Amino acid sequence: MSSTAYAEHAARISMEAAAHAILRLIADMPGEMGRIRAARIVSNRSVASTDELFARRCAAYGMDLPWPLRDVVGLVDALIDGGLMKQTCGARPLLVLTRAGHHALDALEATGAP
């Protein structure tokens, strides 16, 4: 496998793992955060929180992603656009999984995906 093909393969695996982590985070904490906070948590970036328990809960979802934050937010947006998550109404929309998102998460976890 060439180095370019390997890099592309690694990027696909990373993207699938990141999507899985985002879906799991939102499934475990529905309606608790918006797009940017979810992206910050999954990419191990700092998240303002006065609640130490919340911060510890979120730490379990973090991954060392080498992507800029805008790319992680783009992945969150792609999951929304793909119908796996939706945003609540209001001035500060929060994320929840759709039925399709729950099915996708179940399928990822049944296959042992990263």
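Please refer to the structure placed before this passage.
Residues numbered from 1 in each chain as written. Predicted model: local features only at pLDDT ≥ 70, side-chain atom pairs only at ≥ 80, totals over all residues. Heavy atoms only, no water.

Caption draft 1: A look at the environment of Arg57. With respect to the element layout, Arg57 can be found in helix H3 (residues 52-59). Other than its neighbours up to four places away in sequence, Arg57 contacts Asp28, Met29 and Glu32. (Helix = DSSP H or I, 4+ residues; strand = E, 2+ residues; numbered from the N terminus. Contact = heavy atoms within 4.5 Å.)

Caption draft 2: Seen up close, the nonpolar core. Of all hydrophobic cores here, the largest spans 30 residues; its most connected members are Ile22, Leu23, Leu25, Ile26, Met33 and Met85. Counting residues per element, the ones that place at least two in this core are helix H1 (3-28), helix H2 (35-42), H3, helix H4 (69-81), strand S2 (95-97) and helix H5 (99-110). For this core, the leading source of residues is H1, giving seven residues. Residues contacting Met33, with those up to four places away along its chain left out, are Leu25, Ile26, Ala38, Ile41, Phe54, Leu94 and Leu95. (Core = buried A, V, L, I, M, F, W, Y, C linked by side-chain atoms within 4.5 Å. Buried < 20%, exposed > 50% of the residue type's maximum accessible area, 1.4 Å probe, protein only.)

Caption draft 3: Structural context of the side chain of Thr98. With respect to the helices, strands and loops of the structure, Thr98 is situated in the loop between S2 and H5. With relative accessibility at 16%, the residue Thr98 sits in the buried group.

Caption draft 4: Seen up close, H2. Residues of H2 that are buried include every one of Ala38, Ala39, Ile41 and Val42, and no others. All buried residues of H2 fall inside an arc of 160 degrees around its axis, so they share one side. Two residues or fewer after H2 comes Asn44, characterised by a positive phi angle close to 60 degrees. (Arc of directions from axis to C-beta.)

Caption draft 5: Spotlight on the pattern of salt bridges. Throughout the structure, instances matching the rule amount to four salt bridges. Residue Asp28 pairs with Arg24 through a salt bridge whose shortest N-O separation is 2.5 Å. On the criterion of helical spacing, the pair formed by Asp28 and Arg24 is a turn pair, its members being four residues apart in helix H1. A relative accessible area of 33% means that Asp28 is categorised as partly exposed. (Salt bridge = Lys/Arg side-chain N within 4 Å of Asp/Glu carboxyl O.)

Caption draft 6: Summary view of unusual backbone geometry. Here Asn44, not a glycine, exhibits a phi torsion of approximately 60 degrees, which is positive. Examined against the element boundaries, Asn44 turns out to sit in the loop between H2 and H3. Residue classification places Asn44 among the partly exposed positions, given a relative accessible area of 42%.

Caption draft 7: Examining the packing of H2 against H4 more closely. It is at 9 Å that the axes of H2 and H4 come closest, and there the two elements cross at 120 degrees. Between H2 and H4, the crossing angle belongs to the class labelled oblique. Crossing angle aside, the handedness with which H2 passes H4 is right-handed. Two secondary-structure elements touch here, H2 through Arg35, Ile36, Ala39 and Arg40 and H4 through Leu69, Val72, Val73, Val76, Asp77 and Ile80. In terms of residue class, the contact of H2 with H4 is made up of seven nonpolar, no polar and three charged. (Axes fitted to C-alpha atoms, helices over the stretch in contact; angles between N-to-C directions. Parallel < 35°, antiparallel > 145°, perpendicular 65-115°, else oblique. Left-handed = near helix turned anticlockwise from the far one by under 90°. Nonpolar A, V, L, I, M, F, W, Y, C, P; charged D, E, K, R; others polar.)

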